[in-house]
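Okay, here's what each chain looks like letter by letter:
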Amino acid sequence: MRTQALTQAIVLGGLLVLAGVLLLLQSYVDLSAWLWFLLLIVGGLAALAFFLADRSNLGMLITTYVLLAIALLLALVMLNVLRDEGVTVYVLSAIALPFLAVYARDRQHWWALIPAYVMLT
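Every chain begins its residue count from 1, and numbering advances along the sequence as written. Only residues with pLDDT of at least 70 are given local features in this predicted model, and only at 80 or more are side-chain atom pairs given and counted; all residues enter the totals for whole chains, interfaces and linings. In computing side-chain properties, one takes all heavy atoms of the structure into account and sets aside hydrogens as well as water.

K.L.:
Tell me what's going on with the nonpolar core, and back it up with residues and numbers.
P.N.:
Only buried residues count toward a nonpolar core. Its members are Ala, Val, Leu, Ile, Met, Phe, Trp, Tyr and Cys residues joined through side-chain atoms within 4.5 Å. Remark: exposure states derive from per-residue accessible area (1.4 Å probe, protein chains only) relative to the maximum for the residue type, with buried under 20%, exposed over 50%, and partly exposed in between. Judged by nonpolar contacts, A69, L73, L76, L82, Y90 and A94 together constitute the single largest core of six residues. Strands are runs of DSSP state E lasting at least 2 residues, helices are runs of H or I lasting at least 4, and numbering of each runs from the N terminus. Going through the elements one at a time, helix 3 (58-78) and helix 4 (85-105) are the ones with two or more residues in this core. Counting residues per element, this core draws most heavily on helix 3, which supplies three residues.

Pasting the structure below:
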């Protein structure tokens, strides 16, 4: 179990270093938005793989959701599906969705409906 946590920390640290190098490169060369989309998808799938290897690590599930939600937002904006107010609606709905999932998983967590309702309205 300890070696798995160490491996996970090394891989995630490597991904952060890679992201830093790419952000530095972005300041000198204009990288394609599709490249960022691809990197977000790969990062989200890597986090999902870590979650599936150790299902007690819910942090990886949150990381997966955030990376894939940002990737989808980026793709929808690049394809001109979302414009102006649509971006705001997407972001607030994406924030509300995990709270609805918490409530759907266990009805005892009714408190999760409060932030979900606030984000959706």
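Resuming the write-up.
K.L.:
Outline unusual backbone geometry, supporting the account with residue identities and numerical values.
P.N.:
What you tend to see is this: most non-glycine residues have negative phi, and most peptide bonds are trans. The backbone of N80 shows a phi angle near 60 degrees, a positive value even though the residue is not glycine. With respect to the helices and strands, the residue N80 is situated in the loop between helix 3 and helix 4. The phi dihedral of D84 is positive, around 50 degrees, even though this residue is not glycine. The topology assignment puts D84 in the loop between helix 3 and helix 4.

K.L.:
Let's hear about the environment of L31: which residues, and what values?
P.N.:
Mapped onto the fold, L31 is located in the loop between helix 1 (2-28) and helix 2 (33-53). Judged by relative accessible area, L31 falls into the buried class, the value being 16%. The spacing of L31 and L97 is 66 residues in sequence and 31 Å in space, taken between C-alpha atoms. We call two residues contacting when some pair of their heavy atoms lies within 4.5 Å. In this structure, L31 is in contact with L22, L25, Q26 and W36, ignoring residues within four places of it in sequence.

K.L.:
I'd like to hear about the packing of helix 2 against helix 3, residue by residue, with values.
P.N.:
Running from N to C, helix 2 and helix 3 point in directions that differ by 160 degrees, and their axes come no closer than 8 Å. One element, helix 2, and the other, helix 3, form an angle in the roughly antiparallel class. Helix 2 and helix 3 meet at a crossing whose hand is left-handed. Contacts between helix 2 and helix 3 involve A33, W34, W36, F37, L40, I41, G43, G44, A47, L48, F50 and F51 from the former and L58, M60, L61, T63, T64, L67, L68, I70, A71, L74, A75 and M78 from the latter. For this classification, Asp, Glu, Lys and Arg are treated as charged, while Ala, Val, Leu, Ile, Met, Phe, Trp, Tyr, Cys and Pro are nonpolar and the rest, including Gly, are polar. Among the residues making up the contact of helix 2 with helix 3, the classes are represented as 20 nonpolar, four polar and no charged. Only C-alpha atoms enter the line fits that serve as axes; for helices the fit covers just the stretch in contact. Angles between N-to-C directions range over 0 to 180 degrees. If an angle is under 35 degrees, it is roughly parallel; if it is over 145, roughly antiparallel; if it lies from 65 to 115, roughly perpendicular; otherwise it is oblique. Handedness of a crossing is defined here by the sense of rotation of the near helix relative to the far one, left-handed for an anticlockwise turn of less than a right angle and right-handed for a clockwise turn.

Don't take any of this as a statement about function, it's just geometry.
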